[in-house]
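Results of the structural survey
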Amino acid sequence: MKKILVIGSAGQIGSELVLELRKRYGAENVVATDLCPNAGKKLAENGLFEVLNVCNREDLKAICEKYEIDHIINMAAILSAVGEKKPMLAWDVNMNGLINVLEIAREMEMKQVLIPSSIAAFGPETPADFTPQETILRPTTMYGVTKVAGELLGDYYVRRFGLDVRGLRYPGIISNETLPGGGTTDYAVEIYYEAIKNKKYTCFVKEDTQLPMMYMPDCLKATLDLFEADFDNLKHHSDFNVGSMSFTVKELADSIKKYIPEFEIDYAPDYRQDIADTWPNSVDDSCARMEWGWEPSFDLDAMTKDMLEAIQKKYDKGLI
Ligand code: SER
């Protein structure tokens, strides 16, 4: 059985990914780690949990040895918006954290490392519509710089050391379990919470801003499908485009109005508009479809229905 370490497991994706991994591989085979002990409380209740700062190589190595880890999924990252406020922190966590993971995996001859990339790897010169797999990667955010470097490093470790490294360029991820932390696409989550709580939302990007997005069940499916894919079928490694849906903020608001007709939206663009403007509208994910059978399930209205129902339940219980 695989022995899997998830780093950054209390975050938006990690918190749900760990539970799914424990279902598939057994709680005793999935070690969740996070910087924050409190954030890990829920994960510690139903399985193994360790406090870990990915920048501390010795601690990372000790945990890998203790549990005889042979697969690492590294979800620890500083996202785009926080990364622009604290670029050196973004560099430190995203790059030094990643090199620690890759080096320990190489030293311990691990079977696989999965490292996420992002649509932030693209930049203003990248073709914005149906962005190809192979294209111009000249991002203008520190987060994007670290994602491109991460993709190149991952591919370098495959070629140079024969380590199995995989990664996918996540679009904005929308979910109702754990809030995202410090990304540009966070508006697409906040809008649902505000629709339930206040029936109105002030969005920090303009109404015609269009970005690729994905609902959490599809995000988990993409991550696990790539995690489980046969290495011999992969021509790409650390940089798969994965598409699902793509909509403007106006289209998102209109979808919410189908369920909450009195919902109102207005706009107060801030520095995150400049980041969003450098990212694509939609991506071409035909390589992911061909090499590991990627296929999304949710569209905008199906996601909206699901999100509103889940958040309404939390609201009714007084949880938000
Ligand atoms: N959701 C991320 C961000 O907005 C993109 O990968 O920073």
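Quick look at the structure, then. Values in this document were obtained by computation on a predicted structure and should not be read as measured data.

About the cut-offs
- Residues take numbers from 1 onward in each chain, read along the sequence in its written order.
- The predicted origin of the model limits local features to residues at a pLDDT of at least 70 and limits the giving and counting of side-chain atom pairs to 80 or more, whereas totals for whole chains, interfaces and linings rest on all residues.
- The side-chain values count all of the structure's non-hydrogen atoms but skip hydrogen atoms and water molecules.
- Only runs of H or I of at least four residues qualify as helices and only runs of E of at least two qualify as strands under DSSP, and these elements are numbered from the N terminus.
- To get the radius of gyration, use the C-alpha atoms; to get the globule rule, take the number of residues to the power 0.38 and multiply by 2.2 Å.
- Buried, partly exposed and exposed residues are distinguished by accessible area as a fraction of the type maximum, computed with a 1.4 Å probe on protein chains only: under 20%, between the cut-offs, and over 50%, respectively.
- Should any heavy atoms of two residues lie within 4.5 Å, those residues are considered in contact.
- Proximity criterion: a residue is near a molecule or strand once any of its heavy atoms comes within 4 Å of it.
- Any pair of N or O atoms that falls within 3.5 Å is considered a polar contact. Within protein, one atom must be able to donate a hydrogen and the other to accept it, and sequence-neighbouring residues count only if both atoms are side-chain atoms.
- Amino acids outside the nonpolar list (Ala, Val, Leu, Ile, Met, Phe, Trp, Tyr, Cys, Pro) and the charged list (Asp, Glu, Lys, Arg) are all regarded as polar, and Gly is one of them.
- Nonpolar side chains (Val, Leu, Ile, Met, Phe, Trp, Tyr) within 5 Å and like charges within 9 Å form the patches, drawn only from residues with over 30% relative accessible area and no salt bridge.
- In short, Shrake-Rupley with a 1.4 Å probe defines the accessible areas, and a residue's cover is counted only from the protein chains shown.
- Salt bridge criterion: a side-chain nitrogen from Lys or Arg within 4 Å of a carboxyl oxygen from Asp or Glu.
- For a helix, the expected span equals 1.5 Å multiplied by the residue count minus one.
- Think of it this way: DSSP has to see at least two bridges between two strands before they count as a pair.
- In this analysis, axes come from line fits to C-alpha atoms, helices being fitted only over the stretch in contact, and the angle between any two N-to-C directions falls in the range 0 to 180 degrees.
- Charge assignment in this entry is limited to Lys and Arg as positive and Asp and Glu as negative, and neither His nor the chain termini are counted.
- In this description, the location of a charge corresponds to atom NZ of lysine, CZ of arginine, CG of aspartate or CD of glutamate.
- Each nonpolar core is a collection of buried residues, namely Ala, Val, Leu, Ile, Met, Phe, Trp, Tyr and Cys, held together in the definition by side-chain atoms within 4.5 Å.
- Here a pair means two rings of Phe, Tyr or Trp (six-membered ring of Trp) with centres within 6.5 Å. Their orientation is stacked below 30 degrees between planes, edge-to-face above 60, and tilted elsewhere.

Across its full length, the protein chain carries twelve helices and 14 strands. Against the globule reference of 20 Å for 320 residues, the protein chain gives a C-alpha radius of gyration of 19 Å, in line with a compact fold. Its C-alpha atoms give the protein chain principal-axis dimensions of roughly 55 × 45 × 35 Å. Considering the protein chain as a whole, with its 320 residues, one finds that 56% of them fall into the buried category. When contacts within the protein chain are restricted to residue pairs at least 6 apart in sequence, those whose partners lie at least 24 apart make up 79%.

This brings us to the site of the ligand. Taken together, Leu79, Ser80, Ser118, Tyr143, Gly183, Thr184, Thr185 and Trp279 are the residues near the ligand. Separating an oxygen atom of the ligand from a side-chain N or O atom of Ser80 is a distance of 2.6 Å. For the ligand, an oxygen atom lies 3.2 Å from a polar atom in the side chain of Tyr143. For the shell around the ligand, a count of residues per class yields three nonpolar, five polar and no charged.

Here the focus is a nonpolar patch on the surface. Together, Tyr315, Leu319 and Ile320 make up an exposed nonpolar region whose accessible area comes to about 270 Å². Its relative accessible area of 61% is what places Leu319 among the exposed residues.

Okay, helix H12 (residues 300-316) next. The terminal C-alpha atoms of H12, which comprises 17 residues, lie 24 Å apart, in line with the 24 Å expected from a rise of 1.5 Å per residue. At its buried positions, H12 is contacted by strand E9 (172-174), helix H7 (187-197), strand E11 (210-215), strand E13 (245-248) and helix H9 (249-259). Looking at the residues trailing H12, positive phi occurs at Gly318, about 75°.

What follows deals with the sheet that holds strand E6 (residues 117-118). Strand order in this open sheet of three strands is E6-E8-E12, and the pairing throughout is parallel. Two strands lie at the open edges of the sheet, namely E6 and strand E12 (240-241), each paired on one side alone. Of the pairings in the sheet, the one linking strand E8 (residues 168-170) to E12 comprises two bridges and is parallel in character. Pairing of Leu168 across the sheet is with Phe240, part of E12. Those strands touched by helix H8 (residues 216-228) are E8 and E12, and its axis lies near 170° from that of E8.

Pairing is parallel in the open sheet, where six strands are placed in the order E3-E2-E1-E4-E5-E7. Both edges of this open sheet fall to strand E3 (48-51) and strand E7 (165-166), since each of them pairs with a single strand only. Relative to E7, strand E5 (residues 112-114) runs parallel, the two sharing two bridges. Note that in E7 the partner of Leu114 across the bridge is Arg166. Most of the contacts of helix H3 (residues 57-67) go to E3, to which it runs at about 160°, and overall it touches strand E1 (4-7), strand E2 (30-34), E3 and strand E4 (71-74). Strand contacts of H8: E1, E4, E5 and E7, with the helix running at about 160° to E5, the strand carrying the most contacts.

The next thing to look at is a negative patch on the surface. On the surface, Glu207, Asp208, Asp274 and Asp277 cluster together into a negatively charged patch. Considering the arrangement of structural elements, one finds Glu207 in the loop between strand E10 (200-203) and E11.

Next up on the list: the nonpolar core. Ranked by internal contacts, the top residues of the largest apolar core, which has 37 residues, are Ile174, Tyr187, Tyr192, Met213, Phe247, Phe263 and Met303. Considering each element in turn, this core owes the most residues, eight residues, to H7. Every residue in contact with Tyr187, bar those within four places of it in the chain, is listed here: Tyr201, Cys203, Phe204, Val205, Thr209, Leu211, Met213 and Val249. Formed by 32 residues, the second largest nonpolar core is a distinct cluster that contains Leu21, Leu168, Ala288 and Trp294.

Another point: unusual backbone geometry. At Glu68, a position not held by glycine, the phi torsion is positive, near 50°. Of the residues examined, Glu68 reaches a relative accessible area of 60% and is grouped as exposed. Of note in the backbone geometry, Lys199 takes a positive phi value of approximately 60° without being a glycine. For Lys199, a relative accessible area of 30% puts it in the partly exposed group.

We now examine the packing of aromatic side chains. Both the distance between ring centres and the angle between the ring planes are used here to describe each pair of aromatic rings. Scanning all chains against the criterion turns up eight aromatic pairs. Summarising the aromatic geometry, the rings of Tyr25 and Phe227 are spaced 6.0 Å apart at their centres and angled 85° between planes, so their arrangement reads as edge-to-face. Taken together, the residues Tyr25 in helix H1 (residues 14-25) and Phe227 in helix H8 connect sequence positions 202 residues apart. The burial state of Tyr25 is the same as that of Phe227; both residues are buried. Ring geometry for Phe240 and Trp292: centres 5.7 Å apart, planes at 85°, overall edge-to-face.

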